[in-house]
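Read off the chains here:
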Amino acid sequence: MKVVLDCIPCYLRQVMNAAAQTEFSERESRELMYQILPMIPELDPEGTPAENSTLVLRKVNELLGIEDPFLSAKKEANEKALSLLPQLRERIRQSEDPLYTALQVSVAGNIIDLGIITDYNIEETLKESLSGTFARDDSEEFKKRLNQACEVLILGDNSGEIAFDRLLVEELRRFGVHVTFVVKGQAILNDATFEDAAEVGMDDVADVISNGNGYLGTVVRKRSQELIEAMDRADLIISKGQANYESLESTREAGEKTYFLLRAKCEIVAGNLGVKLGNMVFARNSMS
């Protein structure tokens, strides 16, 4: 997915959201923005939104002098999500279609995106997700392929959300598959890292590996050798969130074994997917 003009305000919103995680005054935040603005014309117009956002956020962290401005918010999100797991696990267990319900729970966590939405209500989002359906839904096809699969790879997204992903992993394992879960190799926004995986116990149910970098999404040319081999080896891939979609949709590396699981949180992504803003999506990668 290529950048468009409307991506520029999103870059700037992410700058403000990062500054909001600190004790910066309004004057200091304004100065931070002024230092970032000269970068915008230099960003690659042929790149992906996720890649350009990463370059902006890396500069923000440098100017802030903070390696992980979202550290406290990430821990809070993990704790909140973990507190909801017992009731959600029971909801999945009692469901007529536990895998579908686990997908609904997992995508509900995708609302925890502090680069775009800083004021979210996870309980309300869970209710909405569990009572709704996917605007694009390839879950039945996925389930058929899952019955023939041995290896499933999940490209993780955010902290907090990763706790709900654990429930999806638990359900996938009931199909007899081995699951590998991918986190970021370096802190970026509120994306999940090894620390987040440990906090929610993901390493108890899946092999956890790094993407080898701190870029939003999964930038193909930045992948670690471990991730390259894991993607090649996987029979099925679940790609979580917008940034992974932006960087992998229609790519040969994702192939037809990749399914995008996300909530469309911006008009550009929604339009690219052919859905409405806010819709939930579980759709196989198109190579056309």
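Here, residues in each chain are numbered from 1, in the same order as that chain's written sequence. Only residues with pLDDT of at least 70 get local features here, since the model is predicted, and only at 80 or more are side-chain atom pairs given and counted; chain-wide, interface and lining totals rely on the full set of residues. Side-chain descriptors were evaluated using all non-hydrogen atoms of the structure, hydrogens and water having been removed beforehand.

Asker: Would you mind going over the overall build of the protein with me for this structure?
Answerer: Counting from the N terminus, the helices are DSSP H or I runs at least four residues long and the strands are E runs at least two residues long. Along the protein, the regular secondary structure elements total twelve helices and seven strands. Each of the three principal axes of the protein carries a C-alpha extent, and together these read 55 × 40 × 35 Å. Think of it in three bands: with a 1.4 Å probe and only protein chains considered, a residue is buried below 20% of the maximum accessible area for its type, exposed above 50%, and partly exposed in between. Looking at the protein residue by residue over its 288 residues, the buried ones come to 58%. Any two residues whose heavy atoms approach within 4.5 Å are treated as being in contact. A fraction of 73% describes how many contacts in the protein between residues 6 or more apart in sequence connect residues 24 or more apart. Looking at the protein as shown, the accessible area adds up to about 12,500 Å², and 47% of this sits on carbon and sulfur atoms. Calculation of accessible area relied on Shrake-Rupley with a 1.4 Å probe; when residues are assessed, cover is drawn exclusively from the protein chains displayed.

Asker: It is not clear to me how the packing of helix H1 (residues 7-19) against helix H2 (residues 26-36) should be interpreted in this structure. Could you clarify?
Answerer: Describing two packed helices takes the angle between their axes plus the distance from one axis to the other. Axis separation between H1 and H2 bottoms out at 10 Å; the angle between their running directions is 145°. Here the hand of the crossing between H1 and H2 comes out right-handed. Where H1 abuts H2, its residues Leu12, Val15, Met16 and Ala19 lie against Ser29, Leu32, Met33 and Ile36. Residues were grouped as follows: Ala, Val, Leu, Ile, Met, Phe, Trp, Tyr, Cys and Pro as nonpolar; Asp, Glu, Lys and Arg as charged; and all remaining residues, including Gly, as polar. Here the residues of the contact of H1 with H2 are counted per class, giving seven nonpolar, one polar and no charged. In this analysis an axis means a line fitted to C-alpha atoms, helices contributing only their contacting stretch, and an angle means the value between N-to-C directions, from 0 to 180 degrees. Handedness of a crossing follows from how the near helix is turned relative to the far one, being left-handed for an anticlockwise turn of less than a right angle and right-handed for a clockwise one.

Asker: What is the right way to read the sheet that holds strand E4 (residues 207-210) from this model?
Answerer: Sheet strands associate in pairs through backbone hydrogen bonding, adopting either a parallel or an antiparallel arrangement. Two strands make a pair as long as DSSP finds a minimum of two bridges between them. An order of E1-E7-E6-E5-E2-E3-E4 is seen for the seven strands of this open sheet, with the pairing classed as mixed. Where the open sheet ends on each side, the last strands, each with one partner, are strand E1 (136-137) and E4. Here five bridges tie strand E2 (residues 151-155) to strand E3 (residues 178-183), and the two strands are oriented parallel to one another. Within E3, the residue paired with Leu153 across the bridge is Thr180.

Asker: Would you mind showing me how to read the pattern of salt bridges here?
Answerer: Opposite charge on two side chains allows them to pair when their charged atoms are near. Each reported salt bridge corresponds to a side-chain nitrogen of Lys or Arg within 4 Å of a carboxyl oxygen of Asp or Glu. All told, the structure shown has 21 salt bridges when counted by the stated rule. For Lys59, the salt bridge identified is with Glu62, shortest N-O distance 3.3 Å. Of the two residues, Lys59 and Glu62 are both situated in helix H3 (residues 49-64); the distance of three residues between them amounts to about one turn of the helix. Note on Lys59: relative accessible area 28%, which makes it partly exposed. For Glu62, a relative accessible area of 55% corresponds to the exposed category. Lys75 is the partner of Glu199 in a salt bridge, and the nearest nitrogen-oxygen pair spans 2.7 Å. A residue pair is termed long-range when its members are at least 10 positions apart, and Glu199 in helix H9 (residues 194-199) and Lys75 in helix H4 (residues 71-94) qualify at 124 residues. Classification of Lys75 as partly exposed rests on a relative accessible area of 35%. Through salt bridges that share partners, Asp68, Lys74 and Asp196 make up one connected network.

Asker: Please clarify how unusual backbone geometry should be interpreted in this entry.
Answerer: With the exception of glycine, the majority of residues adopt a negative phi angle, and the majority of peptide bonds are in the trans configuration. Of note in the backbone geometry, Leu189 takes a positive phi value of approximately 45° without being a glycine. Relative to the assigned elements, Leu189 resides in the loop between E3 and H9. Here the phi dihedral of Ser250 falls at roughly 70°; this positive angle occurs in a residue that is not glycine. Within the secondary structure, Ser250 sits in the loop between helix H11 (241-248) and strand E6 (258-263).

Asker: I would appreciate a short explanation of helix H7 (residues 139-146) in the present structure.
Answerer: Along H7, the residues that are buried comprise Ser139, Phe142, Lys143 and Leu146. Considered in projection along H7, the buried side chains sweep an arc of 100° and stay on one side of the axis. Regarding the arc, it is the one traced by the directions from the helix axis to the C-beta atoms.

Asker: Would you explain the pairing of E2 in this entry?
Answerer: The buried count for E2 comes to four of five residues, which makes it a mostly enclosed element. By the criterion used throughout, a crossover qualifies as right-handed when its path from the first strand across the helix to the second strand runs clockwise, the strands pointing away from the viewer. Where the polypeptide runs from E2 across helix H8 (residues 161-173) and back to E3, its parallel neighbour, the crossover connection is right-handed. Sheet topology note: the E2/strand E5 (residues 236-240) ladder contains four bridges and is parallel. Bridge pairing in E5 links Val152 to Leu236.

Asker: What should I look at first to understand helix H5 (residues 98-108) in this one?
Answerer: An α-helix turns once every 3.6 residues. As a result, residues three or four positions apart point the same way. Counting buried residues along H5, ten of its eleven residues qualify, which places the element largely inside the surrounding structure. Taken together, the buried positions of H5 are Leu99, Tyr100, Thr101, Ala102, Leu103, Gln104, Val105, Ser106, Val107 and Ala108.

Asker: Could you clarify how one ought to interpret the packing of aromatic side chains in this entry?
Answerer: How two aromatic rings sit relative to each other is set out by the distance from centre to centre and by the angle between their planes. Each aromatic pair joins two rings of Phe, Tyr and Trp (for Trp, the six-membered one) with centres within 6.5 Å, and gets the label stacked for planes under 30 degrees apart, edge-to-face for over 60, and tilted for any other angle. On inspection of all chains with the given rule, the structure shows six aromatic pairs. Measuring from centroid to centroid gives 6.2 Å for Phe134 and Phe282, while their planes differ by 50°, and the two rings are tilted. Placement of the pair is Phe134 in the loop between helix H6 (122-131) and E1 and Phe282 in strand E7 (residues 280-284), with a sequence separation of 148 residues. A relative accessible area of 0% places Phe282 in the buried class. Through a chain of ring-to-ring contacts, three or more aromatic side chains come together here, namely Tyr100, Phe134, Phe142, Tyr259 and Phe282.

Asker: Is there a simple way to explain the packing of H5 against H7 in this structure?
Answerer: Closest axis-to-axis distance for the H5/H7 pair is 11 Å, and the angle between their directions is 120°. Classed by the angle they form, the pair H5 and H7 counts as oblique. By crossing handedness, the relation of H5 to H7 is classed as right-handed. Across from Leu99, Tyr100 and Leu103 in H5, the residues of H7 making contact are Ser139, Phe142, Lys143 and Leu146. An angle below 35 degrees is treated as roughly parallel, one above 145 as roughly antiparallel, one from 65 to 115 as roughly perpendicular, and anything else as oblique.

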